[in-house]
Amino acid sequence: MAEMRAVRQNVLRDEERLPPVPDPGVMVIFGASGDLTARKLVPALYDLAAQRRLPMEFAVVGISRTEMSHEDFRKKLLDTLEEQRADSVSEDVWASFSKGIFYLPGDSKKPETYEELKGFLKKLDAERGTSGNRIFYLSSSPSLFPAIVERLGEAGMNREEDGGYSRLVIEKPFGRNLDSAVDLNGDIRRYFGEKQIYRIDHYLGKETVQNIMALRFSNGIFEPVWNQHYVDHVQITVAEDIGVGTRGAFYEEAGALRDIVQNHLMQVLCLTAMEPPVAFDADSVREEKVKVLKAVRPIPEDDVGEAAVRGQYDGGWVFGEGARGYREEENVAPDSETETYVALKLLVDNWRWAGVPFYVRAGKRMPKKATEISIQFHKTPHTPFSGPDTEGLEPNVLVIRVQPEEGVSLKIGAKVPGSGFEVRSVNMDLLYGSAFLEEAPDAYQRLLLDLMLGDPTLFIRADEAEGAWRILQPVMEGWSKNAHAARYAAGTWGPEEADDLLGRDGRKWRRP
Ligand SMILES: NC(=O)c1ccc[n+]([C@@H]2O[C@H](COP(=O)([O-])OP(=O)(O)OC[C@H]3O[C@@H](n4cnc5c(N)ncnc54)[C@H](OP(=O)(O)O)[C@@H]3O)[C@@H](O)[C@H]2O)c1
């Protein structure tokens, strides 16, 4: 009897460990003929289908103005998938997954599009068993977000009826500044409750970004030293080696501050600086992130020159190849002052971080692609070894590499073999790739699954989006008065002014 109970408990435990499969439902994608749908959303859904993580009763409905049949749309998506995956697309998986893909041509500004959509979704409920569950994914130009939300609301598609859910997904960028983000939140809240809203920052779907929390909160050794008593300063770098490529027109409107700093970089800052949440659930985690944003000291507009640097790349060399300057890129004004590089010194005014600067930077056309957080600890108060013996010794640095070569390294002092007592810094390295056999899923895969399961932990809450803009608003206003962006050559680590930002504090940027 006891044996049977033990067996049953083991079976139960195995079942508990099985990954959950979402309820039946439909994902309606606005902007379906666009780049994101073909390159990211549909491949992520295909991967979920291949792993049997999608319910059989699942459907995608794409909407945009281009005239296409369901079959044309499926073919376009398959072509992109095959370009990405060469021969590895499974015919069987695609055949079964693509049966649930549909396309409705229509203008997302026009009410009739929504009437047609409503009828089509009812039909899918009846024919495919999608159970009245709807996800509305806004993958269109941000200027269309308010109109789509309003039309959905007018058509009553925001309402959660008969046990079905209605969720709204908003792509980045969330507003262009504080006022527009507040307005957008207001527009959305007229029709959707916060629990229905999923603001995406795909950085949060990255395994290694989630690993920042795992490293901090599942190890006893880091938290005791994760504060101003032990940490001298923190550096966060989001560097790209590429330029703007064909996205010149988009980038002219955005710039690095809006494209990277307001969302990805601020999120990484929050995860690095936040207090341990009481649980890994949406409210607990987001509450702690918002507290960090509130604690960041606003940069007075008059001090923007002291605490913020913006730069733009000139021509130069990247990986041994000539690279043209930003102003020579396609669809970029020849006198453009749009920033392709930003560096900021931020202070987090709370008990844990008082007096510890967070230096953050994001740039294009850097010598390499690298996203990393480095926690630089105080120097030892005294070393018993002689001066010349410790010339190669640096303070301890814990580096969390988000990409590439995801992992963690700790710089420690070690004795150089041989006589005498020469001490030098060496790295203790953990590479996630060699520690785990499983391949990390793509960020969108994780986020789309969470979305279908109704878990908003890795999505941005309204006050987070506004909190990040509140920090950057004075910087944007300061820059609007002084149009000049500092120059740096492509293939270098940014303008001299950025080195001075740390130099004034007696510090230096780390070379990732
Ligand atoms: N692409 C990326 O890698 C990426 C990464 C992060 C975030 N995002 C965000 O994701 C969103 C989509 O980006 P994207 O690159 O896919 O943009 P995109 O390639 O410009 O696609 C947007 C689509 O919207 C459709 N559209 C425009 N006006 C419309 C209207 N009035 N009614 C219906 N459809 C309309 C257009 O198709 P028709 O001409 O056929 O109507 C277009 O194909 C944006 O908010 C972007 O900032 C994109």
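Quick notes on the rules
- Residues numbered from 1 in each chain as written.
- Predicted model: local features only at pLDDT ≥ 70, side-chain atom pairs only at ≥ 80, totals over all residues.
- Heavy atoms only, no water.
- Helix = DSSP H or I, 4+ residues; strand = E, 2+ residues; numbered from the N terminus.
- Buried < 20%, exposed > 50% of the residue type's maximum accessible area, 1.4 Å probe, protein only.
- Polar contact = N/O pair within 3.5 Å; in protein donor to acceptor, adjacent residues only side chain to side chain.
- Near = heavy atom within 4 Å.
- Areas by Shrake-Rupley, 256 points an atom, 1.4 Å probe, with all protein chains shown as cover.
- Nonpolar A, V, L, I, M, F, W, Y, C, P; charged D, E, K, R; others polar.
- Domains from an automatic or database assignment.
- Contact = heavy atoms within 4.5 Å.
- Buried area = accessible area lost by both parts, 1.4 Å probe.
- Salt bridge = Lys/Arg side-chain N within 4 Å of Asp/Glu carboxyl O.
- Pairing = 2+ DSSP bridges.
- Axes fitted to C-alpha atoms, helices over the stretch in contact; angles between N-to-C directions.

Details of the environment of S88
Here comes step 1: Among the secondary structure elements, S88 is positioned in the loop between α3 (70–85) and α4 (91–98).
Here comes step 2: Taking the relative accessible area as the measure of exposure, S88 reaches 52% and is therefore exposed.
Here comes step 3: In sequence terms S88 and L448 are 360 residues apart; their C-alpha atoms lie 22 Å from each other.
Here comes step 4: Here R85 takes part through its backbone oxygen, which lies 2.9 Å from a polar atom of the side chain of S88.

With respect to the site of the ligand
Here comes step 1: Contacts to the ligand come from 20 residues, most closely from S33, D35, R39, R65 and T66.
Here comes step 2: For the ligand, an oxygen atom lies 2.8 Å from a polar atom in the side chain of R39.
Here comes step 3: Between the ligand and the protein, one listed contact pairs a nitrogen atom with a side-chain N or O atom of D107 at 2.9 Å.
Here comes step 4: Contact with the protein chains covers 76% of the free accessible surface of the ligand, which is 870 Å².
Here comes step 5: In the shell around the ligand, the residues fall into five nonpolar, nine polar and six charged.

Here's the deal with the domain arrangement of the chain
Here comes step 1: Split by domain assignment, the chain resolves into domain 1 (2–171) and domain 2 (204–503).
Here comes step 2: Look at where the C-alpha atoms of domain 1 and domain 2 centre, and you get two points 33 Å apart.
Here comes step 3: With 21 residues of domain 1 at the interface, the matching set in domain 2 holds nine residues.
Here comes step 4: Summed over both sides, the interface between domain 1 and domain 2 buries roughly 1300 Å², with carbon and sulfur atoms accounting for 74% of that surface.
Here comes step 5: Contact with domain 2 buries surface across domain 1, with P22, L48 and R167 losing the most and accounting together for 31% of the total.
Here comes step 6: Put simply, domain 1 and domain 2 have one salt bridge between them.

A look at the sheet that holds strand β1 (residues 25–30)
Here comes step 1: Across the sheet, six strands lie side by side as β3-β2-β1-β4-β5-β6; this open sheet has parallel pairing. The open sheet has two free edges, formed respectively by β3 (101–105) and β6 (197–199), since each of these has just one partner strand. Within the sheet, the average angular offset between the axes of one strand and its neighbour, ignoring direction, is 20°.
Here comes step 2: In the sheet, β1 pairs with strand β4 (residues 134–138) via five bridges, with the strands oriented parallel. Paired with M27 across the two strands is I135, which belongs to β4.

Notes on the pattern of salt bridges
Here comes step 1: What the rule picks out here adds up to 32 salt bridges.
Here comes step 2: Of the charged contacts in the structure, one is a salt bridge between R487 and D314, with a shortest N-O distance of 2.7 Å. Pair noted here: R487 is in strand β17 (residues 486–489) and D314 is in strand β8 (residues 308–314), with a separation of 173 residues, a long-range link.
Here comes step 3: On the basis of relative accessible area, R487 is assigned to the partly exposed category, the value being 26%.
Here comes step 4: Beyond isolated ion pairs, a larger network of salt bridges with shared partners links R216, E223, E275 and R352.

Looking at the pairing of β4
Here comes step 1: Most of β4 sits inside the fold, with five of its five residues counted as buried.
Here comes step 2: Because side chains alternate across β4, one face comprises the buried residues R134, F136 and L138, and the other comprises I135 and Y137, equally buried.
Here comes step 3: Across five bridges, the pairing between β4 and strand β5 (residues 166–170) is parallel. Residue I135 lies in a different strand from β5, and its bridge partner there is R167.

Section: the sheet that holds strand β15 (residues 407–415)
Here comes step 1: With mixed pairing, the nine strands of this open sheet are ordered in space as β16-β15-β14-β13-β7-β12-β11-β8-β17. One side of each edge strand has no neighbouring strand; the edge strands of this open sheet are β16 (423–431) and β17. Strand after strand, the sheet turns through a mean of 20° between neighbouring axes, direction not considered.
Here comes step 2: Pairing of β8 with strand β11 (residues 341–347) involves four bridges; the strand directions are antiparallel. Bridge pairing in β11 links A308 to L344.

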